[in-house]
Amino acid sequence: MSLKFVKFLLLLACPLTLFAQQVSIIPQPVELKLNEGNFSIDKNATVQFNTSQAALKPAVDFFLKAVKDISGIALQQNKPAAKKVEFILAAQTAFKPEAYSLTVTPSLIQIKASSYAGIFYGIQSVLQTLPQVRTNAALQVPCMQINDEPRFKWRGMHLDVSRHFFSADVVKQYINLMAMYKMNTFHWHLVDDQGWRIEIKKYPKLTSTAAWRVDQNDKVWGSRPQAKPGEAATYGGYYTQEQVKEIIAYAKTRNVTVVPEIEMPGHVASAIAAYPQLSCTQLPQLPLTGGNYNNMSSNYCAGNEEVFSFLQDVLTEVIALFPSTYIHIGGDEVDKGPWKKCERCQDRMKKEGLKNEEELQSYFIKRMEKFIVSKKRKMIGWDEILEGGLAPEATVMSWRGEAGGIEAAKMHHDVVMTPGSPCYFDHYQAGPEGEPLAIGGFNTVKKVYDYEPIPKELSAEQHKYVLGAQGNVWTEYISTAEHLEYMVLPRMLALAETVWSPAATKNWNDFSRRLQFHFKAFDAKGLHYSPGNFTVDIKPAAKNGKLEVALFSEVPTASIFYTTDGSVPTVSSAVYTQPIAVESTQTIRAVTVQNGKIMNLQPVEQRFVMHKAVGANVQYAFAPSRSYMADGINSLTDGVRGKSAVNKFWHGFNKNNLVATVDLGTEKNISRVSLGCLQHYRDWIFLPTAVKFEVSLDGKTFTEVAMVQNDVPVNTLALTIKDFTAKFAATNARYVRVTAFTLEACPKGHPGEGKPAWTFADELEVE
Ligand code: TNX
């Protein structure tokens, strides 16, 4: 065979190899058929569209700019050419809202839809097949046929700009990211205790006072001290009405509707700092801080007419700015305490025949709904608006699990599903070791991917009330654009597929494969993201009296490397193939490796301890809290040591002491007993004040062998695991009793000051 002929054969093989490559569009289109060949976007191609359809122009411009940014090519418009990129907006066709078709042949890219949204989404699908940053290579779009439409109409992302303020540019970037993945609703949480973020012309103090707080950067949210009178409030910011308009227009081009949230009647310390007469006490307030509103007014007074006229004025300006059908009025977490003590609120209840403060809340919300409906808009609120009676036309955002959403849908109200697990993107997505401090909870990208927005409890007829789902990003711990990206990427991509693609076609393995393309794109663009789905899950299992440990990764294509000697695993450590038998005290540390690269921020580790009480039965004088049952009643003696994740492995006690009696089964010679305890200030978990150790032969008469005092200060903020250890002269015993004395109450200055503290314990080791 001549060399020339070989080269010719290789050339022939080229398009075939390309064809074998798959596209990595997220969310997965409803129908996608890849064909042989490519359309090459180069200067010989021209875009074609009907110029009399003005509505098309922004989408075409968006496409032209994207191509120019990537390739430098300025495509011609509406010139005769052999190769064309054609946009057809055909209002009369059978396309559903936001649906599109995309046809790519070597000479044609055609995007067809009956709405601007559809055209825009066709463009997004094309863009996801192109290089993601500037290149001088030809832009090859693989030949294919896509027919696509969303499963849900509310594909939402929320952003809290109150706890930390984000500039208008960061907000735009956020909207742009949403649009890349066909998310269409931006829920803008503009008001909360820690700052009011939107200019309202009639109430200038909302921006001169309520948008600013004392700059405190304490690590633990909610434990920040109150400001001193007159302390300078310099941290914060707000959006002018001009900026709001700009953001709304920017979002519109990207088919994103901006839904404003103006919180009420709680979570409004900011508004009250500016206008104290709106609270029940009507007293002047201290400057705002990053948290701790225990002793400040943070509710509007529900008995004061001025509150309603204030809110109607605010909403009038908001409605004039935002074209969105929905106006979010918050409604969550209203502390009813101030209303109970307020004469005006109590009078209102008598006058209106309201039985309790829940009904007063409902009265408040219903009044606001009437106003919103009078302006031809719809009201949406957090699921607390169900309490005391739901407003007649309200849409409910279900966040405290799915229960609120289910209840509302059964009452034939529309709902948006945002259950904390897995829709809260302020929760950890990996680790928590090595991860940036987060609010708690654990929502991995797979958990988000596996989420089904339609609860099983709903009948087929009720499905239509579920408008869709939304990811919520509360920013108590998130203060920079980089951190924000990190929390959203890649979980938003998993949610995007959940709310767009048909449930039956979802496939985690395939999504994981496509995700790799997007990770590369994030790398190229300098976007921050969590590779957190590379976390290894370490799962112990006792089998036939032996402890075996299995390792899992959520990534189907990755391998796991591990050590058992405490050393840091590397790519030359042992590769995991089958469960590891644990026969002595040891720490398993593991990492996920993909393409020869360790993907974890830190190895995942778990310590296993072998001691004389492993497998022994535990009897508690007071049962552990049902919320912290770890892996069952004998969690204290399962050989698995609790680590930093508070919801794993630990038994929790609240109000009572921990009094545990362990039966070693037979008489054993022992000289050391140790109880591991946790302090996690932020979660109201404190070390016990002391731990008493007793032993017994018969389980009736106990002898104290030691009393170990706590020496860690109660105000230690860092997560601390302390072993309370008793060493004593060897003695025979069958029973060991430990008493951990729970701290009487959360200490002074803590957000839960005076309220019961938690004691968390694991493991009880006997040697
Ligand atoms: C609950 S979700 C809140 C927010 C917090 C969030 C933290 C909701 C309606 N209220 O105020 O930021 O938890 O995860």
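Residues numbered from 1 in each chain as written. Predicted model: local features only at pLDDT ≥ 70, side-chain atom pairs only at ≥ 80, totals over all residues. Heavy atoms only, no water.

## A look at the overall build of the protein chain
Piece 1. Each helix and strand counted, the protein chain has 17 helices and 34 strands in total.
Piece 2. For 767 residues, the compact-globule estimate of 2.2 N^0.38 gives 27 Å, and the protein chain sits close to it at 30 Å.
Piece 3. Considered along the principal axes of its C-alpha atoms, the protein chain spans approximately 100 × 90 × 50 Å.
Piece 4. Taking all 767 residues of the protein chain together, the buried fraction comes to 57%.
Piece 5. For the protein chain, long-range pairs separated by at least 24 residues make up 72% of all intrachain contacts whose partners lie at least 6 apart in sequence.
Piece 6. Carbon and sulfur atoms provide 53% of the accessible area of the protein chain, an area that totals close to 31600 Å².
Piece 7. Across the protein chain, the 80 positively charged side chains and the 77 negatively charged ones have centroids separated by 5 Å. (Helix = DSSP H or I, 4+ residues; strand = E, 2+ residues; numbered from the N terminus. Rg over C-alpha atoms; globule rule 2.2 N^0.38 Å. Buried < 20%, exposed > 50% of the residue type's maximum accessible area, 1.4 Å probe, protein only. Contact = heavy atoms within 4.5 Å. Areas by Shrake-Rupley, 256 points an atom, 1.4 Å probe, with all protein chains shown as cover. Lys, Arg positive; Asp, Glu negative; His and termini not counted. Charge placed at Lys NZ, Arg CZ, Asp CG, Glu CD.)

## Some details on the site of the ligand
Piece 1. Arg163, His267, Asp332, Glu333, Trp382, Trp399, Tyr424, Asp426, Ile439, Trp474 and Glu476 make up every residue found near the ligand.
Piece 2. Within the side chain of Glu476, a nitrogen or oxygen atom sits 2.5 Å from an oxygen atom of the ligand. (Near = heavy atom within 4 Å. Polar contact = N/O pair within 3.5 Å; in protein donor to acceptor, adjacent residues only side chain to side chain.)

## Regarding the sheet that holds strand S16 (residues 378-382)
Piece 1. As summarised here, the arrangement of the eight strands in space is S8-S9-S14-S15-S16-S17-S18-S19, forming a closed barrel in which the pairing is parallel. The average undirected angle you get between the axes of adjacent strands in this sheet is 30 degrees.
Piece 2. Here strand S8 (residues 154-160) runs beside strand S9 (residues 185-189); their pairing, made up of five bridges, is parallel. Bridge pairing in S9 links Met157 to Phe186. (Pairing = 2+ DSSP bridges. Axes fitted to C-alpha atoms, helices over the stretch in contact; angles between N-to-C directions.)

## Concerning the packing of aromatic side chains
Within a pair of aromatic rings, the relevant descriptors are the distance that separates the centres and the angle that separates the planes.
Piece 1. Tallied over the full model, the rule gives 34 aromatic pairs.
Piece 2. Considering the side-chain rings of Tyr203 and Tyr275, the 5.5 Å spacing of their centres and the 80 degrees angle between planes classify their relative orientation as edge-to-face. Of the two residues, Tyr203 sits in the loop between strand S11 (195-196) and helix H5 (205-208) while Tyr275 sits in the loop between helix H7 (269-274) and helix H8 (305-321), which places them 72 residues apart along the sequence.
Piece 3. Taken together through their ring pairs, the aromatic side chains of Phe165, Tyr174, Phe186, Trp188, Tyr239 and Phe322 make up a single cluster.
Piece 4. Seen from the ring of Phe39, Lys83 lies directly overhead, with NZ or CZ sitting 5.5 Å from the centre.
Piece 5. In this structure, Lys182 packs its charged tip against the face of Trp500, placed 5.7 Å from the ring centre. (Phe/Tyr/Trp six-rings, centres within 6.5 Å; stacked < 30°, edge-to-face > 60°. Lys NZ or Arg CZ within 6 Å of the ring centre and 35° of its normal.)

## Remarks on the nonpolar core
Piece 1. One finds Phe63, Phe87, Trp188, Trp196 and Tyr300 to be the most contacted residues of the largest nonpolar core, which totals 160 residues.
Piece 2. Leaving out residues up to four positions away in the same chain, Phe87 has contacts with Val47, Gln48, Phe49, Leu56, Val60, Phe63, Ile111, Ile119 and Ile123.
Piece 3. Core analysis: the second largest hydrophobic core is formed by 31 residues, Ala616, Val673, Phe728 and Ala733 among them. (Core = buried A, V, L, I, M, F, W, Y, C linked by side-chain atoms within 4.5 Å.)

## Some details on unusual backbone geometry
Piece 1. Look at the link from Met264 to Pro265: it is a cis peptide, with omega at -10 degrees.
Piece 2. With respect to the helices, strands and loops of the structure, Pro265 is situated in the loop between strand S14 (257-264) and H7.
Piece 3. The omega torsion of the bond from Gly431 to Pro432 falls at 10 degrees, within 30 degrees of zero and hence cis.
Piece 4. The residue Pro432 is located in the loop between helix H13 (420-423) and helix H14 (445-449) in this model.
Piece 5. Although it is not a glycine, Asn595 sits at a positive phi angle of roughly 50 degrees.
Piece 6. With a phi close to 65 degrees, Trp684 is a non-glycine residue in the positive phi region.
Piece 7. With respect to the secondary-structure elements, Trp684 resides in the loop between strand S30 (658-679) and strand S31 (690-696).
Piece 8. For Trp684, a relative accessible area of 27% puts it in the partly exposed group.

## Some points on the sheet that holds strand S3 (residues 76-77)
Piece 1. Ordered by their spatial adjacency, seven strands build an open sheet running S1-S7-S5-S6-S4-S2-S3, and the pairing between neighbours is mixed. Both edges of this open sheet fall to strand S1 (31-41) and S3, since each of them pairs with a single strand only.
Piece 2. In terms of strand pairing, S1 meets strand S7 (residues 139-148) through eight bridges, oriented antiparallel. What sits directly across from Leu34, in S7, is Met144.
Piece 3. Contacting strand S4 (83-89), strand S5 (100-105), strand S6 (108-113) and S7, helix H3 (residues 116-127) runs over the sheet at an angle of about 145 degrees to S6.

## Observations regarding the pairing of strand S28 (residues 617-620)
Piece 1. Here S28 shows a buried face lined by Val618 and Tyr620 and an unburied face lined by Asn617 and Gln619.
Piece 2. Note that S28 and S30 share four bridges and pair antiparallel. Looking at the pairing, Tyr620 lines up with Ala660 of S30.

## Section: the side chain of Thr103
Piece 1. The residue Thr103 is located in strand S5 in this model.
Piece 2. For Thr103, a relative accessible area of 18% puts it in the buried group.
Piece 3. For Thr103, the side chain forms a polar contact with the side chain of Gln145, separated by 2.9 Å.
Piece 4. Ignoring sequence-local partners within four residues, the contact set of Thr103 consists of Leu108, Ile109, Gln110, Met144 and Gln145.

## Some points on H8
Note that an α-helix has 3.6 residues per turn; residues three or four places apart therefore point the same way.
Piece 1. For H8, which comprises 17 residues, the first-to-last C-alpha distance of 25 Å matches the rise-based estimate of 24 Å (1.5 Å per residue) to within 8%.
Piece 2. Among the residues of H8, those classed as buried are Val307, Phe308, Phe310, Leu311, Val314, Leu315, Glu317, Val318, Ile319 and Leu321. (Expected span 1.5 Å × (residues − 1).)

From the geometry alone we can't say anything about function, so treat these as descriptive.
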